[in-house]
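# Tertiary structure, described
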Amino acid sequence: MSHKRIPKRKAAAAVGAVVALGAAAILLPSANASQDGASDGTAAAPRTLKAGDASDLATRLSGMLGDAYAGAWYDGEDKRLVVNVVRGEDGMALKARSAGAEVREVDNSMAELEAGAGTLTSEATIPGTSWAVDPRTNKILVTADSTVTGAKWDQLESTVESLGPGMATLEKSAGTFRTFASGGDAIFAGGARCSLGFNVTAGDGSPAFLTAGHCAAAGDQWSDQQGGEPIATVDQALFPGAGDFALLTYDDPATEAPSEVNVGGQTVPIVQAAEATVGQQVFRMGSTTGLADGQVLGLNATVNYPEGTVTGLIQTDVCAEPGDSGGSLFTQDGLAIGLTSGGSGDCTVGGETFFQPVTTALEAVGATLGDGGAAAGDGAAGAEDQAGAGDQAGAEDQAGGQDAGAGQDGAGAQDGTGTDPGRHSGQDSGQDSGLTRTH
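These numbers were taken from a predicted model, which means no experiment stands behind them.

In this structure, F198, V200, L210, L247 and F330 are the most contacted members of the largest nonpolar core, which totals 23 residues. Only β12 (198–201), β13 (207–211), β16 (245–250), β20 (281–286), β24 (335–343) and α5 (358–365) provide two or more residues apiece to this core. Counting residues per element, this core draws most heavily on α5, at 4 residues. Formed by 19 residues, the second largest nonpolar core is a distinct cluster that contains A54, L65, L81 and A101.

Next up, the structure:
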């Protein structure tokens, strides 16, 4: 997804439309949550909720139910929050139903699942593996990429088995876990390309943006054109470890950095940062593959990249490729969710992709989302043609971006900074936002 940078001294140049692979239909912002009319404290039918409201309810119930809470996910088809309650906790189940959630009784408590994840961390931290709690199965989802073979696979398999029956699921990925260093708007440094995530305001009030932390390894200064003059400088970066994010401040303090995502000639206003919810539909924008969508599969994921372990990530089935690193993960109604970190596969065969939560990154770097609400665009879903769905990404994106992305996957992670700069787009503002499904 591309973002717009508009220095006051001159207008930014327009960029080409981004590819929206397999575009099928324009997605409209979801309607307001409808209530079932039940009074508080009544175990009525589950309420119909927007994904953002479901996330808020899940957070509330997590605190309310205590040890009886075993995770939650969003049922996008019925627009309901499904909450896991440990079997036998009838009183807590009633509380969850009264709050408007659908309740499912399960055997594994959250404490047991988290303990299992701790065992994996201590005994199976192997490059090419990942794990996250999957509330839909009430198990830990463990994934190994194609490099995990022989003794490494045996070690992982035996560790999973040691957790006991019904605690974990082990899956094999055909691809290789890697950081997607190379495209929202493309940004460039040291021969590498990444994607801009979200425009923010730094703690000192200066304009800045977030991208992947592994991108920062390519250099301190970043441009919005390959070989162009720098527009931003790395201020803070983290990778690997407890996250994969970087804060870059614009070199021109007069830069206007709208809180929006460019989805190919149109923009989606970003209204606030939000926590992800399992089952939630999300969109990713990157300078290599453009716009793609999918679902959140897991939270607080641990990923063991070749460069090191990263914790606290969001796991999804949204595709991505080198150059998409740092790009925006967001919802159709303008919630900023994550920054593209890495994964396996591509946008032809699919795969697993991991994202840095925006809320965690903002707190860590002391920044606030956007520019105080001065987002361009109408904020309405576009009745325009599919947000540039069939258009090919501009030659500028494809040419330098892919060349730069090649061979940068490992480099970006070497010193904890990422090399997937997202290109800063100068798309015209005021266009309707139209999100296009890709699968």
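Having seen the structure, we can now continue with the description.
We now examine helix α1 (residues 51–65). Taking 1.5 Å as the rise per residue, α1 with 15 residues should run 21 Å; its terminal C-alpha atoms sit 20 Å apart, in good agreement. Buried residues along α1 sit in contact with β3 (69–75), β4 (80–86), α2 (90–98) and β24. Directly beyond the C-terminal end of α1, a positive phi value near 60 degrees is found at G66.

The contact between helix α3 (residues 110–123) and helix α4 (residues 150–162) brings their axes to 10 Å, and the two run at 155 degrees. Accordingly, the angle class assigned to the pair α3 and α4 is roughly antiparallel. In the crossing of α3 with α4, the sense of the turn from one axis to the other is right-handed. Here α3 contributes T119, L120 and E123 to the contact with α4, which in turn contributes Q155, L156, T159 and V160.

A few words on the pattern of salt bridges. For the coordinates displayed, the defined rule picks out 5 salt bridges. Of the charged contacts, one joins R136 and D134 as a salt bridge, the two residues approaching to 3.5 Å between their closest N and O atoms. Using a relative accessible area of 10% as the deciding quantity, one classes D134 as buried.

Let us look at the environment of Q280. Among the structural elements, Q280 can be located in the loop between β19 (272–273) and β20. On the basis of relative accessibility, which here comes to 1%, the residue Q280 falls in the buried class. Once the C-alpha coordinates of Q280 and T331 are considered, the two residues, 51 residues apart in sequence, prove to be 8.6 Å apart. Apart from the residues within four sequence positions on either side, Q280 is in contact with A51, Y74, E275, G294, Q295, V296, T331 and I337. Looking at Q280, its side chain comes within polar contact range of the main-chain nitrogen of T277, at 3.0 Å.

Here the focus is the pairing of β13. Judged by how many residues are buried, β13 sits mostly within the fold: 5 of 5 residues are covered. Neither face of β13 is left uncovered, since the one carrying P207, F209 and T211 and the one carrying A208 and L210 both have all their residues buried. Where β12 lies against β13, 4 bridges are found, and the strand directions are antiparallel. Paired with N199 across the strands is F209, a residue of β13. In this structure, the hairpin formed by β12 and β13 is closed by a connection of 5 residues, where G205 is found at a positive phi of approximately 90 degrees. Sheet topology places β13 next to β16; 4 bridges connect them, and they run antiparallel. Directly across from F209, in β16, lies its bridge partner L248.

What follows is about the packing of aromatic side chains. Applying the stated criterion across every chain, the model contains 4 aromatic pairs. A centroid spacing of 5.6 Å and a plane angle of 90 degrees characterise the contact between F177 and F354, whose relative ring orientation is edge-to-face. Taking relative accessible area as the criterion, F177 reaches 1% and is therefore assigned buried. Consider the rings of F209 and Y250, whose centres lie 5.4 Å apart with planes at 55 degrees: the pair is tilted. Pair noted here: F209 is in strand β13 and Y250 is in strand β16, with a separation of 41 residues, a long-range link. On the basis of relative accessible area, F209 is assigned to the buried category, the value being 0%. Given the relative accessible area of 5%, Y250 is considered buried.

Turning our attention to the state of the cysteines. Taken as a whole and assessed by the stated rule, the structure comprises 2 disulfides. Note that C194 is cross-linked by a disulfide to C215, the S-S spacing being 2.0 Å. Here the disulfide of C194 and C215 is left-handed, its torsion about the S-S bond being about -100 degrees. In this pair, C194 sits in strand β11 (residues 192–195) while C215 sits in the loop between β13 and β14 (221–222), placing the two residues 21 residues apart along the sequence. Owing to a relative accessible area of 1%, C215 belongs among the buried residues under this scheme. Note that C319 is cross-linked by a disulfide to C347, the S-S spacing being 2.0 Å. Residues C319 and C347 share a disulfide whose torsion about the S-S bond is about 90 degrees; that sign makes it right-handed. Of the two residues, C319 sits in the loop between β22 (308–316) and β23 (328–330) while C347 sits in the loop between β24 and β25 (353–357), which places them 28 residues apart along the sequence. Judged by relative accessible area, C347 falls into the buried class, the value being 17%. Along the protein chain, the cysteines engaged in disulfide bonds are linked according to the scheme 1-2, 3-4 when indexed in sequence order.

Spatially, 3 strands are ordered β3-β4-β5 in an open sheet, and the strand pairing comes out mixed. What marks the edges here is a single partner per strand, and that holds for β3 and β5 (102–106). Neighbour-to-neighbour, the strand axes of this sheet turn through a mean angle of 25 degrees, independent of strand direction. Inspection of the sheet shows β3 paired to β4 by 5 bridges, in the antiparallel sense. By the bridge assignment for β4, Y74 is matched with L81. Those strands touched by α2 are β4 and β5, and its axis lies near 155 degrees from that of β5.

Rules used in this analysis
- Residues numbered from 1 in each chain as written.
- Predicted model: local features only at pLDDT ≥ 70, side-chain atom pairs only at ≥ 80, totals over all residues.
- Heavy atoms only, no water.
- Core = buried A, V, L, I, M, F, W, Y, C linked by side-chain atoms within 4.5 Å.
- Buried < 20%, exposed > 50% of the residue type's maximum accessible area, 1.4 Å probe, protein only.
- Helix = DSSP H or I, 4+ residues; strand = E, 2+ residues; numbered from the N terminus.
- Expected span 1.5 Å × (residues − 1).
- Contact = heavy atoms within 4.5 Å.
- Axes fitted to C-alpha atoms, helices over the stretch in contact; angles between N-to-C directions.
- Parallel < 35°, antiparallel > 145°, perpendicular 65-115°, else oblique.
- Left-handed = near helix turned anticlockwise from the far one by under 90°.
- Salt bridge = Lys/Arg side-chain N within 4 Å of Asp/Glu carboxyl O.
- Polar contact = N/O pair within 3.5 Å; in protein donor to acceptor, adjacent residues only side chain to side chain.
- Pairing = 2+ DSSP bridges.
- Phe/Tyr/Trp six-rings, centres within 6.5 Å; stacked < 30°, edge-to-face > 60°.
- Disulfide = S-S within 2.5 Å.

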